[in-house]
Amino acid sequence: MKIKYILLTAFTGIMLSACSDFLDRKPLTEPNNEEYLCSRAQVENYINGLYMALPTPSQYGMGVRGEEKNSDNILAEKYDLRLNGEYNAFSGSSEWQKGYQNLRNVNYFFHYYCVPENEETEDIRSLKGEAYFFRAYWHFYLLTRFGDIPLMDCLWDENATVEGLQIPAATRADVAKFILKDLNTATEGLLQPRSKYSGLRINQEAAMILAMRVALYEGSWEKYHKGTAFSKEDQSKYFFGEVMKWGNKLFETGLSLNTDDTDNESVNEGDAFAHLFNKSDLSKITEAVFWKKYSIADGTFHNLGGLLGGGVVDNDGPAGVSKSLIDNYLNRDGTFINPNDGKYKNFNSMFEGRDLRLIQSVMNTGAKFRSTLKGAKPMNVRVYDNTGTDEEIKEKNKDIYSPNLNGDGNGKNVTGFHIRLGIDTTFVEGNSETAIILFRYSEALLSYAEAAEELELCNDDVLNKTLKPLRERAGVTYIRPSAIDPNFTDFGYELTPVMQEIRRERRAELAFQGFRQDDLMRWAAHKLIQGKRGLGAYLGTDGVLYQSFSPTAQESLELVSTNEEGWMDPLKEYLPRGYQFQPNRDYLLPIPPDELELNKQLQQNPGWEKTE
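Please read these numbers as outputs of a predicted model, since none were measured by experiment. Every chain is numbered independently, its residues counted from 1 as its sequence is written. Reporting in this predicted model follows two pLDDT cut-offs: at least 70 for local features of residues, and 80 or more for side-chain atom pairs to be given and counted; totals over whole chains, interfaces and linings ignore these cut-offs and use all residues. Water and hydrogen atoms play no part in the side-chain values, which are based on all heavy atoms of the structure.

Asks: Give me the lowdown on the overall build of the protein chain, citing residues and values where you can.
Replies: Under the DSSP-based scheme used, a helix requires at least four consecutive residues in state H or I and a strand at least two consecutive residues in state E, with every element numbered from the N terminus. Looking only at helices and strands, the protein chain features 21 helices and four strands. Atoms considered for the radius of gyration are the C-alpha atoms alone. The globule rule reads 2.2 Å times the number of residues to the power 0.38. Relative to a compact globule of 612 residues, whose C-alpha radius of gyration would be 25 Å, the protein chain shows 25 Å and is just as compact. For the protein chain, the spread of C-alpha atoms along the principal axes amounts to about 85 × 55 × 50 Å. Classification of residues uses two cut-offs on accessible area relative to the type maximum, computed with a 1.4 Å probe and protein chains only: under 20% is buried, over 50% is exposed, and between them is partly exposed. A total of 612 residues make up the protein chain; the buried ones form 60% of that total. By definition, residues are in contact when any of their heavy atoms lie within 4.5 Å. For the protein chain, long-range pairs separated by at least 24 residues make up 74% of all intrachain contacts whose partners lie at least 6 apart in sequence. On the protein chain, the mean spot of the 68 positive side-chain charges and the mean spot of the 89 negative ones are 1 Å from each other. When charges are counted, neither His nor the chain ends are considered; positive counts come from Lys and Arg and negative counts from Asp and Glu. Lysine's charge is taken at NZ, arginine's at CZ, aspartate's at CG and glutamate's at CD.

Right under this line is the structure:
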């Protein structure tokens, strides 16, 4: 750990907001002596500051919605360098610094916490539990990126010498066990339940879901990387068992999915799922276990609604949702789709009769679009009528509103598929206050089902309380998995029909929420990436998408990259050989060279030893 990082004053970049909600409350003062953390107000003030580092959208960024260009869910002209094997020896520096600086801030709290035991109220103990959660959270952040890491279980400031910082890395399994231990401490007599603050603070249930996330990640990593330099031991069964243990505890808390039957504001099928992402208040929706509230009146807002409404998928440049993700969703009758069927060349047929999460997550004909415009029209893809006078042509085609395939800049779409998930359907212009969920009950259901199948325990009882309710909420007829879909993504190893459907469900339920890259990494799924670049919608001249543009606009469509069959191929020129992910190296980030120079106990991650 760099001395200059360790000696940073606590909260140098995080005590900047004067917001009224729990995630943004401004500290009363900066911690500067050993008597600072001795009262309820001081403890709460400090813990509130730790919330600022959690991954929620900034005022002008896409946040988690556009993050998945680091996977096969989003294709972007400014593609992810890691997927293409373009990282260098310093590419892990910012992640290493971010993880350890946040751990330093948490351990500062534990080091200087001085509330007498007889004055520890229930609220103070819960704040202490939140600190354990944060320490677990940031260790997991580092684990997923670097594997074996030094455990930071205390404040290192007093050992900030070269000799004092010769700390060996713990094995990834031991790091995971340390995280689970911290979360166990947090949930056993410290953290309050979700109901205490309606999900606006870290709570028992959120800690349980994080524990399930950690155990599932480590268990599947050790199983699917077994026999490689990335996994020196296989304790996968232990970790899968931990997922189920934590899940059984979570099931006793009374959480439930938000459904059209329980959602008082649900009007159309699928609204209950959509409301998790386009409403400002999720306090009464227990599925939203831990979420962030925004309030323009209080000065907390983001611009995600405006960006999504303007068609932006990636804030760095032109991008679009991949056809691979679209093909993942089932028919509503529970059957597999055949993506090679000619009907999917029709942009509108692509969405008809499908899992409701598809039409709630990806913009389609009939869905409200361009929420930043007054009198916004819904997307409408149909054949352009070019007969009659100029005025007649304009009038006849005024309802056509196609994907943004023309022009340039962030609003240009390179696949024909825009993100719909999270668009504020009330058409709020400018600043947005839609809530952002950090931990959701549905993730726990998916984690539980996956761990159970890994342990060969995924019977009908398990499926009926995990996979079945998720599919039924999405309007999909539940059919117990019994067949292999020949068109399902090829991971390079054999999956059972049940595991296939659990993975399909995970991709559908958690799309654009920041999970996909971690899933690909833990599943050792480089065969989904290496040598591939992804496709978009069909743009052949015989297709309705192409024909929905005016003759003049069609001329500009000649600049859109397509393959020989007419499907949009946006990365053809950028990645002619597909992503050049290096499976013997790119599953982990390189430990920064200056850290290796400082701490001789560390060893570089596999494949990075000779990288300049």
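Asks: Run through the side chain of R194, naming residues and quoting values.
Replies: Summarising the element assignment, R194 is placed in helix α6 (residues 194-197). What makes a salt bridge here is a side-chain nitrogen of Lys or Arg within 4 Å of a carboxyl oxygen of Asp or Glu, nothing more. Notably, R194 is buried but unbridged: the nearest opposite-charge side chain belongs to E205, and the N-O separation is 6.9 Å. N or O atoms within 3.5 Å of each other form a polar contact, as long as, within protein, one can give a hydrogen and the other can take it, and as long as residues adjacent in sequence are counted only when both atoms are side-chain atoms. One polar contact links the side chain of R194 to the main-chain carbonyl oxygen of I285, over a distance of 3.0 Å.

Asks: Quick one: what's the story with the packing of aromatic side chains, residue by residue and with numbers?
Replies: Paired rings are identified among Phe, Tyr and Trp, the last through its six-membered ring, by centres lying within 6.5 Å, and are further divided according to the angle between planes into stacked (under 30 degrees), edge-to-face (over 60) and tilted (the rest). Tallied over the entire structure, the rule returns 34 aromatic pairs. Judged by centre distance (5.3 Å) and plane angle (50°), the ring pair of F109 and Y113 falls under tilted. Just as F109 is buried, Y113 falls in that class too. With a centroid separation of 5.1 Å and 75° between ring planes, the pair formed by F581 and Y587 is classed as edge-to-face. Y587 matches F581 in its accessibility class, with the two residues each being buried. Through pairs of rings, three or more aromatic residues link up here, namely Y51, F133, F134, Y137, W138, Y141, F290 and F439. To sit over a ring, a charge needs its Lys NZ or Arg CZ within 6 Å of the ring centre and within 35 degrees of the ring normal. Directly above the ring of Y224 sits R503, whose terminal nitrogen or CZ lies 5.1 Å from the centroid.

Asks: Could you give an account of the packing of helix α8 (residues 236-251) against helix α14 (residues 441-454), with specific residues and numbers?
Replies: Helix axes are fitted only over the stretch in contact, all axes being lines through C-alpha atoms; the angle between N-to-C directions runs from 0 to 180 degrees. Two numbers describe how α8 lies on α14: the axes approach to 9 Å, and their chain directions differ by 140°. Viewed along their axes, α8 and α14 adopt a mutual orientation that is oblique. Every pair of crossing elements has a handedness; the one defined by α8 and α14 is left-handed. When α8 is examined against α14, the residues F240, V243, M244, G247, N248, L250 and F251 are found in contact with a partner set consisting of Y441, A444, L445, S447, Y448, A451, A452 and E454. Taken together, the residues of the contact of α8 with α14 sort by class into 11 nonpolar, three polar and one charged. In these notes the angle categories are as follows: under 35 degrees is roughly parallel, over 145 is roughly antiparallel, 65 to 115 is roughly perpendicular, and the rest is oblique. Each crossing is labelled by how the near helix is turned from the far one, with a counterclockwise turn of less than a right angle marking it left-handed and a clockwise turn marking it right-handed. In this classification, the charged set is Asp, Glu, Lys and Arg, the nonpolar set is Ala, Val, Leu, Ile, Met, Phe, Trp, Tyr, Cys and Pro, and all remaining amino acids, among them Gly, are polar.

Asks: With reference to specific residues and values, describe the nonpolar core.
Replies: We call a set of buried residues a nonpolar core when its members are Ala, Val, Leu, Ile, Met, Phe, Trp, Tyr or Cys and they connect through side-chain atoms within 4.5 Å of each other. One finds I47, F133, F134, L183, L210 and F439 to be the most contacted residues of the largest nonpolar core, which totals 119 residues. Of the residues forming this core, the biggest block, 14 residues, is contributed by helix α4 (residues 122-146). Formed by 58 residues, the second largest nonpolar core is a distinct cluster that contains L421, I436, L539 and V560.

Asks: Break down the pairing of strand β4 (residues 436-440) for me, citing the residues and quoting the values.
Replies: Counting buried positions over the five residues of β4 gives five, a clear majority of the element. One bridge is not enough; two strands pair if DSSP finds at least two bridges between them. Pairing of strand β2 (residues 288-292) with β4, which is carried by four bridges, proceeds in the antiparallel orientation. Note that in β4 the partner of F290 across the bridge is F439.

Asks: An account of helix α5 (residues 172-187) is needed here, citing residue identities and associated values.
Replies: To estimate how far a helix should extend, the number of its residues minus one is multiplied by 1.5 Å. With 16 residues, α5 should reach 22 Å at 1.5 Å per residue; the first-to-last C-alpha distance of 23 Å fits that figure. The complete set of buried residues in α5 reads R172, A173, V175, A176, F178, I179, L180, D182, L183, A186 and T187. Looking at the buried residues of α5, the elements they touch are α4, α7 (204-224) and α8. Just downstream of α5 lies G189, where phi reads positive at about 90°.

Asks: Which residues make up the pattern of salt bridges, and what are the values?
Replies: Between side chains of opposite charge, pairing is possible as soon as their charged atoms come close. Scanning the model with the defined rule gives 42 salt bridges in all. One salt bridge connects D316 with K69, and the closest N-O pair in it is separated by 3.2 Å. Residue D316 is located in the loop between α10 (304-309) and β3 (319-321), and its partner K69 is located in the loop between α2 (40-50) and β1 (74-76); the two are separated by 247 residues in the primary sequence. Among the ionic pairs, R357 bridges to E509, the shortest N-O distance being 2.7 Å. Within this pair, whereas R357 is found in helix α12 (residues 356-361), its partner E509 is found in helix α17 (residues 497-509), the two being separated by 152 residues in sequence.

Asks: Tell me about the state of the cysteines, residues and numbers included.
Replies: By definition, disulfides here are pairs of cysteine sulfur atoms that lie within 2.5 Å. Applying the stated rule across the entire model yields one disulfide. In this model C38 forms its disulfide with C114; the gap between the sulfur atoms is 1.6 Å. Between C38 and C114, the S-S torsion sits near -105°, and that sign places the bridge as left-handed. Of this pair, C38 sits in the loop between α1 (3-6) and α2 while C114 sits in the loop between α3 (93-112) and α4, placing them 76 residues apart in sequence. Classification of C38 as partly exposed rests on a relative accessible area of 26%. For the unlinked cysteine C154, the closest cysteine sulfur is that of C114, found at 18 Å.

Asks: Outline the packing of α3 against α4, listing residues and values.
Replies: α4 packs onto α3 with a crossing angle of 160° between their chain directions and a minimal axis gap of 9 Å. By the criterion of interaxial angle, the relationship of α3 to α4 is roughly antiparallel. Seen along the crossing, α3 lies across α4 with a hand that is left-handed. For the pair formed by α3 and α4, the contact residues are E95, W96, K98, G99, Y100, N102, L103, V106, N107, F109 and F110 on the first element and K128, A131, Y132, F134, R135, W138, H139, Y141, L142, R145 and F146 on the second. When the residues that make up the contact of α3 with α4 are grouped by side-chain class, the tally is 13 nonpolar, four polar and five charged.

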